[in-house]
Amino acid sequence: MAVLRKMTAAVALALVAGGAQAQISGNVIKIGVMNDMSGLYADIGGPGSVIAARMAVEDFGAAKKGMKVEVLAADHQNKPDVGSTLARQWYDVDGVDVIVDVPTSSVALAVSQVTRDKGKAMLNTGAASSDLTGKACSPNTIHWLYDTWMLANGTGNAVVKTGGDSWFFLTSDYAFGHALERDTAEVVKKAGGKVLGAVRHPLNTQDFSSFLLQAQASKAKVIGLANAGGDTINSIKQAAEFGIVQGGQSLAGLLVFLTDVHGLGLKTAQGLVLTESWYWDLNDSSRAWAKRFAAQHGGKYPSMDHAGVYSAVLHYLKAVEAGKTDDGTKVVAKMKSMPTDDPLFGKGTIREDGRKLHPVYLFEVKKPSESKGPYDYYKVRATIPAEQAFRPLKDGGCPLVK
Amino acid sequence: MTEIFGIPTVALFGQLLIGLINGSFYALLSLGLAVIFGLLNIINFTHGAQYMLGAFCAYLLLNKLGLGYWWALLIAPIVVGITGVIIERTMLKPLYKLDHLYGLLLTFGLALIIQGIFRNEYGSSGMPYPVPAELAGGKNLGFMFLPVYRGWVIVASLIVCLGTWYVIERTKLGSYLRAATENPQLVQAFGINVPRMITLTYGFGVALAAFAGVMAGPIYQVSPQMGADLIIVVFAVVVIGGMGSIMGSIVTGFGLGVIEGLTKVFYPEASNTVIFIIMAIVLLIKPAGLFGTQK
Amino acid sequence: MSATQPVTGTQQPAATGQFRHQGVALALMAAFFLLGPLVLYPVFLMKVMCFALFACAFNLLIGYGGLLSFGHAMFLGTAGYASAHAAKVWGLTPELAILFGTASAALLGVVTGLLAIRRQGIYFAMITLALAQMIFFFYLQAEFTGGEDGIQAVPRGHLFGLVDLSNVWAMYAVVLVVFFGGFLLIYRTIHSPFGQVLKAIRENEPRAISLGYDTTRYKLIAYVLSGTLAGLAGATKALVFQLASLTDVHWTMSGEVVLMTLVGGLGTVFGPVVGALIIISMQNYLAQLGAWVTVVQGAIFVLCVLLFRRGIVGEIARLLRRPL
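Every value quoted in this text rests on a predicted model; they were computed, and no experiment measured them.

S.K.: Go over the overall build of chain B with me, naming the residues and quoting the values.
M.R.: Broken down by element type, chain B carries eleven helices and four strands. Dimensions of chain B, computed from the C-alpha atoms along their principal axes, are close to 65 × 50 × 35 Å. Within chain B, buried positions represent 60% of all 295 residues. Accessible surface, chain B: about 11300 Å² in total, of which carbon and sulfur atoms supply 69%.

Rendered as structure tokens:
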């Protein structure tokens, strides 16, 4: 009798274990890296994010643990219709379980919606709009790396404190630009400054002359660049051409990546103050990882987006392993319940609205004389601890937060 | 700070200047289109791509061969003009006996091919092209700040446009061209090699586009998409100016650029659409265009 | 325009049994779309149907009216935005949203038609292109379209308040009905007396005028009808994808519909459907190649214009010596 009971228990256990195994859909965990592979944001994410994702899969040791993991990649061309159709197809036809990166806030919002409808997961490292953890928050999305509130609070605050109390915005005309302009304007007003006006430019503008002229005419002390990537690079270069800085106004790059500084060159970019979540030269483990990354990426050093993808995929795989399922909603819940720890960002947590928290750094771009080599561009001005860096939970307006 | 209509003069003249610069490109490009349409009755949709090819030629000349801006101004139009000649000989010729719309479709397809190939190679954001050292810097004129290079663009386009107009309207070669437009068979009967003239005319129109592309490089960055949206505005300019009229396209090009610039100052939201609105109005009042003659 | 060969392929004169071939083709098409979703991804097929309707509407104007519109995207996009806005912001049920979208496209058709019909041939094409671009820039600025973001999270809603369209099969059935409805309407129009007059105008307008027909009015009606049906396709598409974006009003979309019709066969009944299927499939399966899709599309354009003007269905029709 006891033997029968033991055998039944053993069989039951085997069935349950087998059943749990079968909860990984198709027996493969498919990770989809979706970003801008060829346009103005290609250097920030692009093919580098795919490399970062693969490095995470390798470092997690998926093969040794008997987990099959595949990484797919595709270009969303910064268009919401391309991104959402691609997401739909990946989820319905190709069995993708999680989508990572997705810069360009308009695409991120669309993909977040599709992800929620299909019960999958999105780990967004590339987009900026703070709405992703605000009014558009979702139980299937984690906003990993940075957002417009953090940028406004970091860079915006710092610039206002040094005397920049009248602002004019040059804004990229889509979800990201609007969110960044809105969040920064709030910071400026709270610090006692004034917003004199704003001009919206289309995404991927080549010629900023007419917008810069309007900024010049406003006589604001600070021209806030609420744009990113190629647009920021062009705005800064052309502002130099039109003698804007000589005329006494200063430029505030609200979202600047290491790769943008590389594109501008230290001569043009020196002195720029910016906020980022990660920099390769902060500690030894970051340095080591960056060298490994650069070896696979043609010698180009990683941006914070690449680091974010690595960190997110690593934590995702840990959560899948712990929860024994790749069902999107369940994995995201598991990820929120486990504190994060990786060689790049150190320890962190994920809040119920999907916001990951980690310390954030205010950097200043070095002068050419201060730099010892390529990609040695930043000096740390301040470290903002995790609790202060991001918008308080109650202020976001996220329906998931009671 | 002086003000006119509530707008500081710096802003007003600055936008006017930008308007004149845009107008220079509109004029150069619509001139090329008008010349090609006048003689071949083909709408050269590839014009935008050929403008881009001119800019890329300059970029490659600088980065691969170390040849600077002034060389590019000379070489790029010739190189791109030759590709134009090849296109005309191989692909456009068989279409002359068909409906003109096929020419439009063919050149549209060619534009897609050229732009697609370059987008694959170079991505879709712009490549920097430096302002030549001789034209760098700017002058603060008091009521506005004038970058020297942009002033040069206006002067150079005016010279090229007026030069082309003079050749076509006032020289013997030009008169052969105009005659061949009206009655190719008769002109050929007089012993003039009309097909060769057509080929060279197409090549010249294309070279004009490439010339505009080289001039655009330092201002607008060299990007595979640079001609794509511009070409449609140029179509509107040509429709407003009158499809076959040379002087029409020059005047309209500069004029519309200025109007666009002024709109940016007083009513920025409409600046993209003002040219098309004007086109709609002109079509209602004078369908043949301001300077055109009903064909 | 009569001195040179007209743009449309030369259709063979009607012979007895012509309708039998078209009937077979219709049956094949119906079978494909009815049984297809069992094998192929239903969302893909819905996309094909929407674009097929779009191309058929475009073909009505060029193939039978002889007018090449290079700005047809403005109808697709306008109806898409209108329908998305109606469904999302006003909370209309899907059939009302689609109707509203279609009506907006019809209105746009009347307004732009009155401007564009005054000219023919190349001028007409350029004018439609420029008008479409003007509309694009308007939508880029307008608040309600969301600019680069587009109108996202459009609810599919409940058809007639009863049937939940977030069920993919329910949605598929709706798209099927819309597509076949539109297709049959076009078919009926082509073979009606109105269609015959249109063909007469296309072949020789002065003669048609001399026979007493008000050619401008006929052309305008054809233009508005074409725009309306293109709008129907756009309004439905917005609900299928739950998104209305700038891509639908961009001039490259106008170029794509020309390509689909050209590949399938200008002036044939089934050509646009075949063309849409080919081009959408190509875009889907070559998507990994990125910008090469544009190059391939351009190459197909060039090849079709130089060597293959009749298009696929046109060539088949020529072999069978029956209009298709």
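S.K.: Would you mind going over helix H4 (residues 105–118) of chain A in detail, with residue names and values included?
M.R.: Residues and elements named next belong to chain A. Under the 1.5 Å per step criterion, the end-to-end length of H4 is 20 Å for 14 residues, consistent within 8% with the ideal 20 Å. In terms of burial, H4 is largely enclosed, as ten of its 14 residues are buried. Those residues of H4 that sit buried are Ser-105, Ser-106, Val-107, Ala-108, Leu-109, Ala-110, Val-111, Ser-112, Val-114 and Thr-115. On its buried face, H4 sits against strand E1 (28–35), helix H3 (80–92), strand E3 (98–101), strand E4 (121–124), strand E5 (141–143) and helix H6 (175–190). At the exit of H4 stands Gly-119, carrying a positive phi of roughly 70 degrees.

S.K.: Describe the interface of chain A and chain C, and please don't skip the residues or the numbers.
M.R.: On the chain C side, the residues contacting the 18 residues of chain A number 15 residues. Carbon and sulfur atoms make up 48% of the surface buried where chain A meets chain C, a total of about 1400 Å² over both sides. Together, Asp81(A), Arg88(A) and Gln89(A) form the three largest contributors to the area buried by chain A at its contact with chain C, with a combined 32%. Across the contact surface, chain A and chain C share zero salt bridges.

S.K.: Now, about the state of the cysteines: what can you tell me, with residues and values included?
M.R.: Within this structure, the stated rule accounts for one disulfide over all chains. There is a disulfide in this structure between Cys137(A) and Cys398(A), and the S-S distance comes to 2.0 Å. Disulfide Cys137(A)-Cys398(A): the torsion about the S-S bond is 85 degrees, which places it as right-handed. A residue pair is termed long-range when its members are at least 10 positions apart, and Cys137(A) in the loop between E4 and E5 and Cys398(A) in the segment after helix H14 (386–389) qualify at 261 residues. Of the two residues examined, Cys137(A) and Cys398(A), each falls in the buried class. Left unpaired, Cys50(C) is separated from the closest cysteine sulfur, that of Cys56(C), by 12 Å. On the accessibility criterion, Cys56(C) (3% relative accessible area) is buried.

S.K.: Outline the environment of Lys402(A), listing residues and values.
M.R.: Residue and element names in this part refer to chain A. Mapped onto the elements of the fold, Lys-402 is located in the segment after H14. Classification of Lys-402 by relative accessible area gives exposed; the value is 90%. Distance from Lys-402 to Glu-352, taken between C-alpha atoms, is 9.9 Å for residues 50 residues apart in sequence.

S.K.: Give me the lowdown on the interface of chain C and chain B, citing residues and values where you can.
M.R.: At the interface, 42 residues of chain C touch 44 residues of chain B. At the boundary of chain C with chain B, total buried surface from both sides reaches about 4200 Å², with 78% on carbon and sulfur atoms. Among the residues chain C hides against chain B, the three largest losses belong to Ile122(C), Met126(C) and Trp251(C). Together they make up 16% of the total. Our count for the chain C to chain B interface comes out at zero salt bridges. Here chain C and chain B share zero residue pairs in polar contact (both at pLDDT 80 or more) between them. Of all elements in the fold, only helix H5 (121–141), helix H10 (251–264) and helix H12 (292–307) of chain C reach the threshold of two or more residues within the side of chain C that touches chain B. With 14 residues, the single largest contributor to the side of chain C that touches chain B is H5(C).

S.K.: Quick one: what's the story with helix H8 (residues 229–241) of chain A, residue by residue and with numbers?
M.R.: A turn of α-helix holds 3.6 residues, and therefore any two residues three or four places apart point the same way. Residues and elements named next belong to chain A. Under the 1.5 Å per step criterion, the end-to-end length of H8 is 19 Å for 13 residues, consistent within 8% with the ideal 18 Å. Most of H8 is tucked away, with ten of its 13 residues classed as buried. Here H8 has its buried residues at Gly-229, Gly-230, Asp-231, Thr-232, Ile-233, Asn-234, Ser-235, Ile-236, Gln-238 and Ala-239.

S.K.: With reference to specific residues and values, describe the packing of aromatic side chains.
M.R.: Two aromatic rings are characterised by how far apart their centres lie and by the angle between their planes. The final tally for this structure, using the stated rule, is 51 aromatic pairs over all chains. Relative to Tyr139(C), the ring of Phe138(C) lies with its centre 5.6 Å away and its plane at 45 degrees, an arrangement referred to as tilted. Among the residues examined, Tyr139(C) registers a relative accessible area of 7% and is labelled buried. In this structure, Arg217(C) is placed above the aromatic ring of Tyr218(C), and the distance from its NZ or CZ to the ring centre is 6.0 Å. Lying across the ring of Tyr102(B), Arg309(C) places its NZ or CZ 5.5 Å from the centre.

S.K.: So, the sheet that holds E3(A): which residues are in play, and what are the values?
M.R.: To summarise the sheet geometry, strands pair through backbone hydrogen bonds and adopt either a parallel or an antiparallel arrangement. Residue and element names in this part refer to chain A. A sheet is described by the order of its strands in space; here five strands give the open sequence E2-E1-E3-E4-E5, paired in parallel fashion. The open sheet is flanked by strand E2 (68–75) and E5, the only strands paired with a single partner. When strand polarity is set aside, the average angle formed by the axes of neighbouring strands in this sheet is 20 degrees. Relative to E3, E1 runs parallel, the two sharing four bridges. Pairing of Gly-32 across the sheet is with Ile-99, part of E3. Most of the contacts of H4 go to E4, to which it runs at about 155 degrees, and overall it touches E1, E3, E4 and E5.

S.K.: Give me the sheet that holds strand E15 (residues 378–384) of chain A: which residues, what numbers.
M.R.: All names here are of chain A. Spatially, E10-E14-E15 is the arrangement adopted by the three strands of the open sheet, whose pairing is antiparallel. Looking at which strands have only one partner, the edges of the open sheet turn out to be strand E10 (273–276) and E15. On average, each strand axis in the sheet is inclined to that of its neighbour by 30 degrees, with strand direction left out of account. Summarising the sheet, strand E14 (residues 360–365) and E15 pair through six bridges and their orientation is antiparallel. By the bridge assignment for E15, Leu-362 is matched with Ala-382. With respect to the sheet, helix H5 (residues 148–161) is in contact with E10, E14 and E15, its orientation differing from that of E10 by roughly 155 degrees.

S.K.: Outline the pairing of strand E6 (residues 166–172) of chain A, supporting the account with residue identities and numerical values.
M.R.: All names here are of chain A. Buried residues dominate E6, accounting for seven of its seven residues. Here E6 pairs with strand E7 (residues 194–201) via seven bridges, running parallel. Residue pairing in the sheet places Thr-171 in a bridge with Arg-200 of E7. Viewed along the sheet, the connection from E6 through H6 into E7 turns out right-handed. The pairing of E6 with strand E8 (residues 222–226) spans five bridges and is classified as parallel.

S.K.: I'd like to hear about the nonpolar core, residue by residue, with values.
M.R.: Phe25(B), Tyr51(B), Met215(B), Phe33(C) and Leu68(C) are the most contacted members of the largest nonpolar core, which has 222 residues in total. Per-element accounting of this core gives the leading share, 19 residues, to helix H2 (residues 42–64) of chain C. Residue contacts for Tyr51(B): discarding those within four places in its chain leaves Phe25(B), Leu29(B), Ala209(B), Ala210(B), Ala212(B), Gly213(B), Ala216(B), Tyr220(B), Met226(B), Gly227(B) and Leu230(B).

S.K.: Please provide a residue-by-residue account of the packing of helix H5 (residues 148–170) of chain B against helix H10 (residues 246–266) of chain B, values included.
M.R.: Residues and elements named next belong to chain B. Where H5 meets H10, the closest approach of the two axes is 9 Å, and the angle between their N-to-C directions is 165 degrees. Here H10 runs roughly antiparallel to H5, going by the angle between their axes. The hand of the H5/H10 crossing is left-handed. For the pair formed by H5 and H10, the contact residues are Ser-157, Leu-158, Cys-161, Leu-162, Trp-165, Ile-168 and Glu-169 on the first element and Ile-246, Met-247, Ile-250 and Phe-254 on the second. Residues of the contact of H5 with H10, tallied by class, amount to nine nonpolar, one polar and one charged.

S.K.: Describe the pattern of salt bridges, and please don't skip the residues or the numbers.
M.R.: Residue and element names in this part refer to chain C. Tallying each qualifying case throughout the model produces 22 salt bridges over all chains. A salt bridge links Glu-203 to Arg-202; its shortest N-O distance comes to 2.7 Å. Among the residues examined, Glu-203 registers a relative accessible area of 44% and is labelled partly exposed. With relative accessibility at 14%, the residue Arg-202 sits in the buried group. A salt bridge links Lys-237 to Asp-248, with the nearest nitrogen and oxygen atoms 2.9 Å apart. Here the residue Lys-237 occupies a position in helix H9 (residues 215–241), and Asp-248 occupies one in the loop between H9 and H10, the gap between them amounting to eleven residues.

S.K.: Describe the packing of helix H3 (residues 73–88) of chain C against H9(C), naming the residues involved and giving the relevant values.
M.R.: All names here are of chain C. Where H3 contacts H9, the two axes come as close as 7 Å, and the packing angle between them is 45 degrees. One way to sum up the angle between H3 and H9 is to call them oblique. Relative to H9, H3 is oriented so that their crossing is right-handed. Listed contacts from H9 to Met-74, Phe-75, Leu-76, Ala-79, Gly-80, Ser-83, Ala-84 and Ala-87 of H3 are Tyr-223, Gly-227, Ala-230, Gly-231, Ala-233, Gly-234, Ala-235, Lys-237, Ala-238 and Leu-239.

S.K.: Quick one: what's the story with the side chain of Arg88(A), residue by residue and with numbers?
M.R.: Relative to the assigned elements, Arg88(A) resides in helix H3. There is no salt bridge for the buried Arg88(A), and the closest opposite charge comes from Asp117(A), which lies 5.9 Å off by N-O distance. Other than its neighbours up to four places away in sequence, Arg88(A) contacts Val93(A), Val114(A), Lys118(A), Tyr41(C), Val43(C), Arg156(C), Val240(C), Phe241(C) and Gln242(C).

What counts as what
- Along each chain, residue indices are assigned from 1 in the same order as the chain's sequence is written.
- Chains and ligands are labelled by the order in which they are written, letters from A for the one and numbers from 1 for the other.
- Per-residue local features of the predicted model are confined to residues with pLDDT of at least 70, and side-chain atom pairs are confined, for both listing and counting, to 80 or more; whole-chain, interface and lining totals are unaffected and use all residues.
- The basis for every side-chain value is the complete set of heavy atoms in the structure, and neither hydrogens nor water enter the calculation.
- Each helix is a run of DSSP H or I of at least 4 residues and each strand a run of E of at least 2, with the numbering of both proceeding from the N terminus.
- Only protein chains enter the calculation, and the probe is 1.4 Å; a residue is then buried if its accessible area is under 20% of its type maximum, exposed if over 50%, and partly exposed in between.
- The Shrake-Rupley method, run with a 1.4 Å probe, gives the accessible areas here. Residue values count only the displayed protein chains as cover.
- An expected span of 1.5 Å times one less than the residue number is assigned to each helix.
- The contact criterion used is simple: two residues touch if any of their non-hydrogen atoms lie within 4.5 Å.
- Here the buried area means the combined drop in accessible surface, using a 1.4 Å probe, for two parts upon being joined, counting both sides.
- The rule for a salt bridge is simple: a side-chain nitrogen of Lys or Arg has to be within 4 Å of a carboxyl oxygen of Asp or Glu.
- Note on terminology: disulfide denotes any pair of cysteine sulfur atoms within 2.5 Å.
- Here a polar contact is recorded for every N or O atom pair within 3.5 Å, except that within protein the pair must consist of a potential hydrogen donor and a potential acceptor, and residues adjacent in sequence are included only if both atoms are side-chain atoms.
- A pair of Phe, Tyr and Trp rings is counted when the ring centres sit within 6.5 Å of each other, with Trp represented by its six-membered ring. The angle between the planes then sorts it: under 30 degrees is stacked, over 60 is edge-to-face, the rest tilted.
- Note on geometry: a ring has a charge over it if NZ (lysine) or CZ (arginine) is within 6 Å of the ring centre and within 35 degrees of the ring normal.
- At least two DSSP bridges between two strands are needed for those strands to be called paired.
- The axes used here are C-alpha line fits, helices contributing only the stretch in contact, and every angle between their N-to-C directions lies in the interval 0 to 180 degrees.
- Classification remark: right-handed applies to a crossover when, strands pointing away from the viewer, the course from the first strand over the helix to the second runs clockwise.
- To qualify as a nonpolar core, a set must consist of buried Ala, Val, Leu, Ile, Met, Phe, Trp, Tyr and Cys residues joined through side-chain atoms within 4.5 Å.
- An angle counts as roughly parallel when it lies under 35 degrees, as roughly antiparallel when it exceeds 145, as roughly perpendicular when it falls between 65 and 115, and as oblique in every other case.
- We call a crossing left-handed when the near helix sits turned anticlockwise from the far one by less than a right angle, and right-handed when that turn is clockwise.
- Each residue is assigned to one of three groups, with Ala, Val, Leu, Ile, Met, Phe, Trp, Tyr, Cys and Pro labelled nonpolar, Asp, Glu, Lys and Arg labelled charged, and all others, Gly among them, labelled polar.
- Neither His nor the chain termini are counted; the positive set is Lys and Arg, and the negative set is Asp and Glu.

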